[in-house]
Amino acid sequence: MINNKNFSYILIIILALFVSGCSNIKYLPPGEDLYTGASINIQPRETVKRKNIRSELDDVARPKPNSSFLGLRPKLWFYNIAGENADKGIRKWLKTKLGEPPVLLSEVDPDLMSDLMKSRLDNLGYFKSRVDHEVKVKKRKAEVGYTATVSEPYKFNDIIYPRQPDSLNTAIRQTQTKALIFTGKQYNLDNLIDERARIDNELKNQGYYFFNPDFLVYHMDTTVGERKINVVLTVKPDTPSKAKKVFRLNNIYVVPQYSLTRKTRVALRDTVYEHDLYFIERASNFKHNVLRRYIKLHEGEKYSKKNHDLTISRLMAMGVFKFVSVKFNDTLVGDSAMLDATVNLTQLLPKTLKVDLDIGSKSTNYTGPTLSTNFINRNLWRGAELLILSLNGTYEAQLSGPQKGFNSWELGAGIQLVTPRFFTPFKIKHENTLNVPKTKFDFQFRLLHRVELFDMNGFNFTYGYLWKGTERTEYEVNPIAINYAKLRNTSESFEELLQRNPYLRRTFEEQFTFGSTASYTYSTLTGLPKRDQYFLNVHFDVSGNTASLANRVISGEESTDERPYKLFNTRFSQYSKLSGDFRYYRNFDANNKLASRIILGAGIPYGNSRVMPYTKQFFSGGSNSIRAFLPRSVGPGSYRIPDSLSSAYLDQSGDIKLELNAEYRFGIISLLKGALFADAGNVWLVRANEFLPGAEFKTNDFINEIAVGGGVGLRLDLSFFLIRFDLGIPLRKPYLPENERWVIDEIDFGSPSWRRENIVLNIAVGYPF
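Please read all numbers here as calculations on a predicted model, not as lab measurements.

Q: Is there a simple way to explain the side chain of E663 in this structure?
A: Summarising the element assignment, E663 is placed in strand 27 (residues 656–669). Given the relative accessible area of 0%, E663 is considered buried. A polar atom in the side chain of E663 sits 2.5 Å from the side chain of R665. Filtering out sequence-adjacent residues up to four positions away, E663 remains in contact with K593, L594, A595, R627, L676, F677, R715, Y767, P768 and F769.

Structure (structure tokens):
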């Protein structure tokens, strides 16, 4: 919640933004006008796509006007108030860090921009188009209007590949089935460039190491009529003879201890020939057969760019090398064109001790520092096995909400071993995969202390496999996943709460899981930002089925609440759980982004369990969820905590979850970013519960139990971490009577009591999604 003092601060910030909108015109030099941007008008025939053309021409327009926010230009305002002689101190900081100089009309060359726009239209196939311009000035603010009269596009007609019978031209013709240009497709210069690159890549996979896309030339005829183009592709006559030859691999040298600062020489005494490779090293840090598995170059084979790239990718994925490079030198062996290859491997430090201090926040609104110490051995048994020994400690406190001031601490220790191969009782072929599959053994122990509530000891062990299908897809399968947690040292108040809520007690008691998990991740978030980016994670978790079947076979009895099945003399949980997290990001430019997320999940307890374990349940509300509600305070369903329990520690959890989030992120000034957001969702129970009326999921009524909230946010982006302040207000409260759940008409920012009961200030580290 937020008090009067915090609300006053927010009003001051909003007022400051409006002050920045004061006229910047008076600071302009005499005779100059402020350039406010370009407007682009398209006058095409009906067959032309206006939206795509406008986007292309808008990309050409230069210069870009001063950045704006809600019609204001705060960066320009900071630049102006700093004054002329801002050479030091705060004024220099305002001018150079927060401000930006005015973009003047005199800096714009409309004639040049018109020519560049016409060239862009030509590149897209809209030949014989015209671009006119008009400068509009009003109150010393200037806009340049461009009008593009666009003709119908030209399309490819006949496409002829080289017809000469020699091996190079024959190889080019054989790639035509994968061509990026074809009859009927609209002319596009980028497609022609990409087609040359595609052919070059195909040729390099067939041994043409010295070939280059520039050796290909297009001859185009636009006189065919009906806006059609005939294309003839040929190899340049002056193409070097080496580029026309197929090269095979000769000697392959491996330098496992290559240094970037000193030259490594091939010396006979330091060379070991093994597995068709020459290993150049004074001391062997790696098993040679291990490196052979990841080097996809073989003596006598044709050079292949695919195998070249595969070798680099797989060696880097081993996790023990800082840099990997492969260099080729041509040589003649008799009349054969051959390549000697040298694989240079620059190692990371094999053993390191890493100490990190981080500040993080959780969905419970607990925020605080974490100190972690990790000893890392990257080459345990000379086969790139990764060993991590870890110790960590966390202290956290709630910064907002009814438990504000509550704190907790956690101590943990772990050991993790990751091997760069599948460790299975049967053989799995993976030699030609782009990335190295891995087997993981992970054991973690933790001790959690919640002040005035409880202690909890726990451990988890997983044995599983990780691999990447492509650059965008990842898989993780854990055939064995064991989790155990036990309450200790519960306080009287917490015990009283458990007595009043048997359902909650059972969720804490049944926290021994023995099963398997699997997850699939698809992401386009890596690499350079694109206009549309996606992220999908699907997670499946199953527990207790094998143990339950074994108990039934051995005992011959069914499991009951009075006589449940046990493993190691402990009741285990039996359930299946499936969850999905889908995110979509639309990048308008470097400072403006629309981010959205959908979470769907369901866990079904059965057999040996009547409820899902507490650690496997779903929660809603909080800084990374529905931000207009306190952490874990939404649901389940339309259930409302009685007043007698309103001050107690009680996470509201469920077996089913639906959540939708969206926020528009924008830049304000320098490190300060802003956001407008909306969240909706809830959690439900699979079965009715007498202690939680209204919590059961019903297909014909769940949509009426959705909580909705919205708000604004400020983010301080310090590159290495981001501090987030999100201010949310509830718009729909699912626990109110059915016809009274929308509360938009009750919003009253002038009322202290309304602000105290409804406005939620979330303070967190990092983006919510």
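Let's pick the thread back up.
Q: Is there a simple way to explain the sheet that holds strand 6 (residues 228–235) in this structure?
A: Note on sheets: strands pair through backbone hydrogen bonds, and any given pair is parallel or antiparallel. Taken together, three strands build an open sheet; the order of strands is 4-6-5 and the sheet is mixed. Each having just a single partner strand, strand 4 (155–160) and strand 5 (216–221) make up the two edges of the open sheet. With strand direction ignored, the average angle separating the axes of adjacent strands in the sheet is 30 degrees. In this sheet, strand 6 lies alongside strand 5 in antiparallel orientation, the contact comprising six bridges. Of the residues in strand 6, the one forming a bridge with H219 is V232. With respect to the sheet, helix 7 (residues 189–204) is in contact with strand 4, strand 5 and strand 6, its orientation differing from that of strand 5 by roughly 145 degrees.

Q: Please explain the packing of helix 2 (residues 50–60) against helix 5 (residues 110–123) as it appears in this structure.
A: The description of two helices packed together rests on the angle between their axes and the distance between the axes. Relative to each other, helix 2 and helix 5 sit at 140 degrees, their axes nearing to 9 Å. It follows that helix 2 is oblique to helix 5 by the angle criterion. Considering only the axes of helix 2 and helix 5, their crossing is right-handed. Contacts between helix 2 and helix 5 involve I53, E56, L57, D59 and V60 from the former and M113, L116, M117, R120 and L121 from the latter. Class assignment for the residues of the contact of helix 2 with helix 5 results in seven nonpolar, no polar and three charged.

Q: Whenever I open this one, the packing of aromatic side chains confuses me. Can you help?
A: Inspection of every chain in the model, using the stated rule, returns 32 aromatic pairs. Seen from their ring centres, F211 and F215 are 5.6 Å apart, and the 80 degrees between their planes marks the pair as edge-to-face. In terms of burial, F211 and F215 fall into one category: buried. On the numbers, 5.3 Å between centres and 40 degrees between planes, the contact of Y534 with Y584 is tilted. Taken together, the residues span a long stretch of sequence, with Y534 in strand 20 (residues 532–543) and Y584 in strand 23 (residues 575–589) at a distance of 50 residues. Residue Y534 is classed as partly exposed on the basis of its relative accessible area, which comes to 34%. Positioned above the aromatic ring of F210 is the side chain of K242, whose terminal nitrogen or guanidinium carbon lies 4.1 Å from the ring centre. Between the NZ or CZ atom of K577 and the centre of the ring of F618, over which it lies, the distance is 4.6 Å.

Q: Explanation requested: the confidence of the model for the protein in the structure shown.
A: Caution applies to low-pLDDT parts of the model: their predicted coordinates are not meant to be read in detail. Confidence in the prediction for the protein averages 87 pLDDT; 90% of positions are at 70 or higher. Taken together, the stretch residues 9–13 has pLDDT below 50 and engages in three contacts with residues farther than four places along the chain or on a different chain.

Q: Just checking my understanding: could you explain the side chain of E32 for this structure?
A: Here E32 shows up in the loop between helix 1 (4–19) and strand 1 (34–44). As a buried residue without a salt bridge, E32 has its nearest oppositely charged side chain in R140, at a separation of 7.3 Å. There is a polar contact of 3.0 Å between the side chain of E32 and the side chain of S106. In contact with E32, not counting residues within four places along its chain, are L104, S106 and R140.

Q: Honestly, the packing of helix 10 (residues 492–500) against helix 11 (residues 502–509) in this entry has me stumped. Any pointers?
A: Contact pair helix 10 / helix 11: the axes reach a minimum separation of 5 Å and the direction vectors enclose 110 degrees. Between helix 10 and helix 11, the angle is such that the two are roughly perpendicular. On the side of helix 10, the interface is formed by F494, E495, L497, L498, Q499 and R500, while helix 11 contributes P502, L504, R505 and F508. Its residues placed into classes, the contact of helix 10 with helix 11 shows six nonpolar, one polar and three charged.

Q: Explain the sheet that holds strand 1 to me, please; I cannot follow it from the model alone.
A: Spatially, the three strands line up as an open sheet ordered 1-3-2, and their pairing is mixed. The open sheet terminates on both sides in strands that have one partner only, identified here as strand 1 and strand 2 (130–138). Strand-to-strand twist of the sheet, defined as the mean angle between neighbouring strand axes without regard to direction, takes the value 20 degrees. The sheet contact formed by strand 1 and strand 3 (residues 141–150) spans 10 bridges and is parallel. Paired with G37 across the bridge in strand 3 is E143. Taken strand by strand, helix 5 contacts strand 1, strand 2 and strand 3, and its axis lies near 145 degrees from that of strand 2.

Q: Looking at this model, I keep getting lost on the environment of G31. Mind explaining?
A: Within the fold, G31 resides in the loop between helix 1 and strand 1. According to the relative accessible area criterion, G31 is exposed, its value standing at 75%. Put simply, G31 and K322 are 291 residues apart on the chain and 57 Å apart in space, counted from C-alpha to C-alpha.

Q: Would you explain the environment of V272 in this entry?
A: Tracing the backbone shows V272 in strand 8 (residues 271–274). For V272, a relative accessible area of 36% gives the class partly exposed. Once the C-alpha coordinates of V272 and R227 are considered, the two residues, 45 residues apart in sequence, prove to be 65 Å apart. Filtering out sequence-adjacent residues up to four positions away, V272 remains in contact with L277, Y278, F279 and H288.

Q: Explanation requested: unusual backbone geometry in the structure shown.
A: Most peptide bonds take the trans form, and the phi angle of most residues other than glycine is negative. Here R62 and P63 are connected by a cis peptide whose omega angle stands at -5 degrees. Cis geometry is found at the peptide bond from G635 to P636, where omega equals -5 degrees. With respect to the helices and strands, the residue P636 is situated in the loop between strand 25 (618–619) and strand 26 (653–654). Notably, K128 is not glycine yet its phi reads approximately 65 degrees, a positive angle. Mapping K128 onto the fold places it in the loop between helix 5 and strand 2. Overall, K128 belongs to the exposed group, its relative accessible area being 68%.

What counts as what
- Residues numbered from 1 in each chain as written.
- Predicted model: local features only at pLDDT ≥ 70, side-chain atom pairs only at ≥ 80, totals over all residues.
- Heavy atoms only, no water.
- Helix = DSSP H or I, 4+ residues; strand = E, 2+ residues; numbered from the N terminus.
- Buried < 20%, exposed > 50% of the residue type's maximum accessible area, 1.4 Å probe, protein only.
- Polar contact = N/O pair within 3.5 Å; in protein donor to acceptor, adjacent residues only side chain to side chain.
- Contact = heavy atoms within 4.5 Å.
- Pairing = 2+ DSSP bridges.
- Axes fitted to C-alpha atoms, helices over the stretch in contact; angles between N-to-C directions.
- Parallel < 35°, antiparallel > 145°, perpendicular 65-115°, else oblique.
- Left-handed = near helix turned anticlockwise from the far one by under 90°.
- Nonpolar A, V, L, I, M, F, W, Y, C, P; charged D, E, K, R; others polar.
- Phe/Tyr/Trp six-rings, centres within 6.5 Å; stacked < 30°, edge-to-face > 60°.
- Lys NZ or Arg CZ within 6 Å of the ring centre and 35° of its normal.
- pLDDT = per-residue confidence, 0-100.
- Lys, Arg positive; Asp, Glu negative; His and termini not counted.
- Salt bridge = Lys/Arg side-chain N within 4 Å of Asp/Glu carboxyl O.

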